[in-house]
Amino acid sequence: MASPEPGKPHVLLLPYPAQGHVTPFLKLAKALHARSFHVTFVNTEYNHARLVRTRGPAAVAGAGGLRFETIPDGLPPPPPGAADATQDIWALCEATRRTGPGHVRELVERLGRAGGGVPPVSCVVADGAMGFAVHVAREMGIPGYLFFTPSACGLLAYLNFDQLVKRGYVPFKDESCFTNGYLDTRLDWVAGMIAGVRLRDFPTFIRTTDADDVMVTINIKQSELDAPAADGILLNTFDDLERAALDAILARLPNTFTVGPLGPEVSPASYLPSLTSSLWKEDDRCAAWLDGHADGAVLYVNFGSITVMTREQIGEFARGLAAAGSPFLWVVRPDMVRDAGDGAPLLPEGFEEEVVAGGRGLMVGWCDQEAVLRHRATGGFLSHCGWNSTLESLVAGVPLLCWPFFSEQVTNCRYACEEWGVGVEMAREAGRREVEAAVKELMGGGERAAAMRRRASEWKEKAAAAVAPGGSSQRNLESFVAEIARVKR
Ligand code: UDP
């Protein structure tokens, strides 16, 4: 393990406080630490407390000079005894933006006075969704970079929000636009996006009739004010995967580094193993259960850390999975069903006894997803297409059934199905029959599924090559490291 060296930069990492952001940021933290940088990783107090509860104090105690600090998230504290749950993304975006600048400034000043072998902060790498930090860094005379954790195609879509407003597509005229075919409007003027891109392929935040919509406003600020003010941009993707989108991003933000897929090659799992980022506790029965199944036989079902479902949708998925016949590993987070508290059983009658207890399905509240995807028994992933999940699936060579929930997940879904050839889209309102048919298509031995499997294996190889020595992402990471190492403060 590397130790921070005197004279090396001190990088402050500021992820947006949600699972899909904290995880790639911790991978970046380890990659920088492995290169002997001083690293301070900033969690919100809320997430810090969750990490301590789920993983124990070691997860945030720091190790080998990789330190953890906290700032408040600006939201009112949860009521005493409240269960751990994903915070309201809208409220969190607004609150971090409003209260974050003061907290970040104070933290950087405090670290500057810390002494004890800790050099002053010489570079800030903030989440694209915490873009305010770039201006704080600038005011303090420190370089500020932004790490956007979505895909390049997702970021490119966000970079076009301003145009969507200027050209009159957003806000929507009225609520009929959600259902009257307006979402199928083609936008052939968007440079770098997939041919035939439609409004429905843009992050779902544009689906608003409010001219002052918080998420549209914040995303436009991030694209028009924050990103151009940054010294550089980091993306967790690789050139071969998103060439056209990247070219369009580079035309606007020339100092962009593609460093993905961040993961084992840049910071092996064995590196500082006490430092892990899951906000939920993993169920450790998954590996043994998967061991009992044939290669590629299991469908893995997981909709990430934010998706919420109705009881009715859970019931339809359960019936569809039962009817499709493939073994499945299904993750239902404890906070996933918002109306779960009324005591009635969540799953259809007989499902637990016949399907789960019969051994054909394993249901857990959270798992080590990357380990599940890497397991030889996992043959398909029914996913919400969050960027981490999509990329982790490509890295593992596993094809996708796509059921996007919100944000740029719809963009990732379109690319997975049409550009990368690894996905089948499932309608938002899919009922049991559609679920059954889609699962049979992916897990059955048909030609379409075989073609997706071949494409997924090709992407697996390309992803590995990108982060192998001499690969595009590996070289970019080294260029970024060299660039921030030149900074003296
Ligand atoms: N994840 C996990 N176990 C689970 C569910 C999710 O480890 O049971 C991880 C997953 O590997 C990914 C992240 O949580 O790294 C979810 O990020 P993603 O961008 O896919 O979706 P989000 O949660 O932001 O919607």
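In the block above lies the structure referred to throughout.
Residues numbered from 1 in each chain as written. Predicted model: local features only at pLDDT ≥ 70, side-chain atom pairs only at ≥ 80, totals over all residues. Heavy atoms only, no water.

(A) Inspection of the site of the ligand at higher detail. Taken together, 17 residues form the shell around the ligand, and within it Ser-305, Cys-367, Asn-388, Ser-389 and Glu-392 come nearest. The side chain of Trp-366 places a nitrogen or oxygen atom 3.5 Å from a nitrogen atom of the ligand. At 3.4 Å from an oxygen atom of the ligand is found a main-chain nitrogen or oxygen belonging to Trp-387. When the ligand is considered free in solution it has 530 Å² of accessible area, and contact with the protein chains removes 94% of it. Listed by contribution, the elements that provide at least two residues to the shell around the ligand are helix 1 (19-33) and helix 13 (387-396). Broken down by element, the shell around the ligand gets its largest block of residues, four residues, from helix 13. Here the shell around the ligand is composed, by residue class, of four nonpolar, 12 polar and one charged. (Near = heavy atom within 4 Å. Polar contact = N/O pair within 3.5 Å; in protein donor to acceptor, adjacent residues only side chain to side chain. Areas by Shrake-Rupley, 256 points an atom, 1.4 Å probe, with all protein chains shown as cover. Helix = DSSP H or I, 4+ residues; strand = E, 2+ residues; numbered from the N terminus. Nonpolar A, V, L, I, M, F, W, Y, C, P; charged D, E, K, R; others polar.)

(B) Highlighting the sheet that holds strand 7 (residues 256-258). One open sheet accounts for seven strands, arranged 3-2-1-4-5-6-7; its pairing is parallel. On the outer flanks of this sheet lie strand 3 (66-71) and strand 7, each paired with one strand and no other. Taken over all neighbouring pairs, the strand axes of this sheet differ in orientation by 25° on average, direction set aside. As judged from the three bridges shared by strand 6 (residues 232-235) and strand 7, these two strands associate in the parallel manner. By the bridge assignment for strand 7, Ile-233 is matched with Thr-256. (Pairing = 2+ DSSP bridges. Axes fitted to C-alpha atoms, helices over the stretch in contact; angles between N-to-C directions.)

(C) Seen up close, a negative patch on the surface. A cluster of acidic residues, Glu-349, Glu-352, Glu-353 and Glu-354, forms a negative patch at the surface. Relative to the helices and strands, Glu-349 resides in the loop between strand 9 (328-331) and helix 11 (351-356). (Patch = residues over 30% accessible without salt bridge, like charges linked within 9 Å, V, L, I, M, F, W, Y side chains within 5 Å. Salt bridge = Lys/Arg side-chain N within 4 Å of Asp/Glu carboxyl O. Lys, Arg positive; Asp, Glu negative; His and termini not counted. Charge placed at Lys NZ, Arg CZ, Asp CG, Glu CD.)

(D) Molecular detail of the packing of aromatic side chains. Tallying each qualifying case throughout the model produces 24 aromatic pairs. Taking 5.3 Å as the distance between ring centres and 55° as the angle between the ring planes, the aromatic pair formed by Tyr-158 and Phe-161 counts as tilted. The pair Tyr-158 / Phe-161 is uniform in exposure class, with both members buried. Ring centres of Phe-405 and Phe-406 lie 5.4 Å apart, and the angle between their planes is 55°; on these two criteria the pair is classed as tilted. Comparing Phe-405 with Phe-406, the two get one shared label, buried. An aromatic cluster is present here, built from Trp-90, Tyr-158, Phe-161, Phe-205, Phe-405 and Phe-406 joined pairwise through their rings. Over the face of the ring belonging to Trp-280 we find Arg-50, whose NZ or CZ atom lies 4.4 Å from the ring centre. Positioned over the ring face of Trp-459 is Lys-462, at 5.1 Å from the centre of the ring. (Phe/Tyr/Trp six-rings, centres within 6.5 Å; stacked < 30°, edge-to-face > 60°. Buried < 20%, exposed > 50% of the residue type's maximum accessible area, 1.4 Å probe, protein only. Lys NZ or Arg CZ within 6 Å of the ring centre and 35° of its normal.)

(E) Just the nonpolar core, in detail. Leu-14, Leu-164, Phe-202, Leu-329 and Trp-420 are the most contacted members of the largest nonpolar core, which totals 99 residues. Among residues more than four places away in sequence, those in contact with Trp-420 are Cys-153, Leu-241, Glu-242, Trp-387, Thr-390, Leu-394, Asn-412, Tyr-415, Arg-455 and Trp-459. Listed in part, the 36 residues of the second largest apolar core include Phe-37, Tyr-145, Leu-262 and Phe-480. (Core = buried A, V, L, I, M, F, W, Y, C linked by side-chain atoms within 4.5 Å. Contact = heavy atoms within 4.5 Å.)

(F) Up close: the sheet that holds strand 8 (residues 298-302). The strand order 10-9-8-11-12-13 describes an open sheet built from six strands, whose pairing is parallel. Two strands lie at the open edges of the sheet, namely strand 10 (361-364) and strand 13 (423-425), each paired on one side alone. The sheet shows a mean angle of 15° between the axes of neighbouring strands, direction not considered. With three bridges joining them, strand 12 (residues 400-402) and strand 13 adopt parallel strand pairing. The residue bridging Leu-400 from the neighbouring strand is Gly-423, located in strand 13. Its contacts with the sheet put helix 10 (residues 311-324) on strand 8, strand 9 and strand 11 (378-383), and the angle it makes with strand 9 is roughly 170°.

Limitation: the analysis is restricted to geometry and does not speak to function.
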